[in-house]
Amino acid sequence: MIIAENLRKEFKAKKGEIIQAVKGVSFHVRRGEIFGFLGPNGAGKTTTINMLCTLLRPTSGRALLNGYDVTEQPHSVRRSIGLVFQDPSLDERLTAWENLEFHGMIYGMTRLHRRREIDKILSMVELDKRKDDLVKTFSGGMRRRLEIARGLLHNPEILFLDEPTLGLDPQTRSHIWGYLHQLRKENHITIFLTTHYMDEAENSDSIAIIDHGEIVALGTPEGLKEKVGGDIIYLKAADNKKAAEFVKRTYGYDVKNGGDGISFEVEHGEEFLPSFIKNTDFEIHSVGVRRPTLEDVFLKLTGHAIREESVDFMESIRAHVRVKRRG
């Protein structure tokens, strides 16, 4: 459903400086799968999704969606996709029904068709009882559900979700993913997800990890976790420096500092732990073992944890995209 080949995007910054937001990414997305685009804010996720959705023209490279070229056939691409933006885009002065009605009219849906679909989609996201209420009275979670409903109204082949649960509480995030899994099961829709929430990325069939505009890993969640290797031992000691030195000296493991403790990777952590505790020459406050997570994968592949975006850089990109939308 999606083919990206060496997709690249450059922006002109202040004083003529060229910023490479996306540096030649390539990936394929199969029909009916959930594809996760995982990375920190500012990594190039939103820029990539904007190129795929025809909101930004690639500097170079090629992308096909549902068989249509994003540069040569943008109108066909737009009819094949639904898009939930990272930034809110509903009209708060309209009701839920009116927002969807307007969207359906823009996509050329007949009156009978769009009203039948509006009823169905509002029921699915549990907003049918609030259809005549102004959007400005909705909570953040309700607005997000309505935006997802709007993206689905014209029955797209591919649904793009750009940070779909950003800023929402865990319970609301869980509910939204319940709707998305139901949608995928019933309609066999392809979902392209961008996120920097590691647990949210676990919903994906395949994941591309992007950092500084480049894809550093591509595979299934479990396959990527295998790149980390063994289990993760997390340890808090009275003297973490002494504990780290003991682990390096005795076992030769690489030790990472994090929070108020240290961590290191071992094979068969549950078997390793009893003898390790018995042999230590320092005071242990707490110790635990866990399987690798996508956070561990990201840390190992990039050398750093999820970071905050560069506000000036990202704002310049978003401002550029807003101008393109209005144009």
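Residues numbered from 1 in each chain as written. Predicted model: local features only at pLDDT ≥ 70, side-chain atom pairs only at ≥ 80, totals over all residues. Heavy atoms only, no water.

> Please clarify how the overall build of the protein chain should be interpreted in this entry.
Within the protein chain, the secondary structure is distributed over 12 helices and 14 strands. With the principal axes as the frame, the protein chain shows a C-alpha extent of 75 × 50 × 35 Å. Scored against the burial criterion, the 327 residues of the protein chain give a buried share of 48%. Across the protein chain, every contact between residues at least 6 apart in sequence was considered, and the portion connecting residues at least 24 apart equals 70%. When the accessible surface of the protein chain is totalled, it reaches about 16,500 Å², and 48% of it is carbon and sulfur. Seen as two clouds, the 48 positive and the 48 negative side-chain charges of the protein chain have centres 6 Å apart. (Helix = DSSP H or I, 4+ residues; strand = E, 2+ residues; numbered from the N terminus. Buried < 20%, exposed > 50% of the residue type's maximum accessible area, 1.4 Å probe, protein only. Contact = heavy atoms within 4.5 Å. Areas by Shrake-Rupley, 256 points an atom, 1.4 Å probe, with all protein chains shown as cover. Lys, Arg positive; Asp, Glu negative; His and termini not counted. Charge placed at Lys NZ, Arg CZ, Asp CG, Glu CD.)

> Please clarify how unusual backbone geometry should be interpreted in this entry.
Glycine aside, residues mostly have negative phi, and peptide bonds are mostly found in the trans state. Even without being glycine, Glu-126 reaches a positive phi, approximately 60 degrees. Relative to the assigned elements, Glu-126 resides in the loop between α4 (111-124) and α5 (140-152). For Glu-126, a relative accessible area of 53% corresponds to the exposed category. At Glu-163, a position not held by glycine, the phi torsion is positive, near 50 degrees.

> Looking at this structure, how should I read the sheet that holds strand β3 (residues 34-38)?
Backbone-to-backbone hydrogen bonds pair the strands of a sheet. The strands run either parallel or antiparallel. Overall, mixed pairing links the 6 strands, which are arranged β6-β7-β8-β3-β9-β10 in an open sheet. Edge positions in the open sheet fall to β6 (81-84) and β10 (214-219), since each of these has one partner strand only. Geometrically, the sheet is characterised by an average inter-axis angle of 15 degrees between neighbouring strands, direction not taken into account. Pairing geometry for strand β7 (residues 158-162) and strand β8 (residues 190-195), over 5 bridges, is parallel. Bridge assignment links Ile-158 to a residue of β8, and that residue is Thr-190. (Pairing = 2+ DSSP bridges. Axes fitted to C-alpha atoms, helices over the stretch in contact; angles between N-to-C directions.)

> Whenever I open this one, the packing of aromatic side chains confuses me. Can you help?
To describe a pair of aromatic rings, you give the distance between the ring centres and the angle between the ring planes. Inspection of every chain in the model, using the stated rule, returns 17 aromatic pairs. Their ring planes at 70 degrees and their centres at 5.5 Å tell us that Phe-246 and Phe-282 sit as a pair that is edge-to-face. A residue pair is termed long-range when its members are at least 10 positions apart, and Phe-246 in helix α9 (residues 240-251) and Phe-282 in the loop between α10 (269-279) and β14 (284-290) qualify at 36 residues. Exposure class is identical for Phe-246 and Phe-282. Each is buried. Between Tyr-251 and Phe-276, the ring centres sit 5.8 Å apart and the planes meet at 50 degrees, which makes this aromatic pair tilted. On the criterion of sequence distance, the pair formed by Tyr-251 in helix α9 and Phe-276 in helix α10 is long-range, its members being 25 residues apart. For Phe-276, a relative accessible area of 0% puts it in the buried group. Grouped by ring-pair contacts, the aromatic residues Phe-246, Tyr-251, Tyr-253, Phe-264, Phe-272, Phe-276 and Phe-282 constitute a single cluster. When the ring centre of Phe-11 is taken as reference, the NZ or CZ atom of Lys-9 above it lies at 5.4 Å. Looking at Arg-173, its charged tip hangs above the ring of Tyr-197, at a distance of 4.0 Å from the centre. (Phe/Tyr/Trp six-rings, centres within 6.5 Å; stacked < 30°, edge-to-face > 60°. Lys NZ or Arg CZ within 6 Å of the ring centre and 35° of its normal.)

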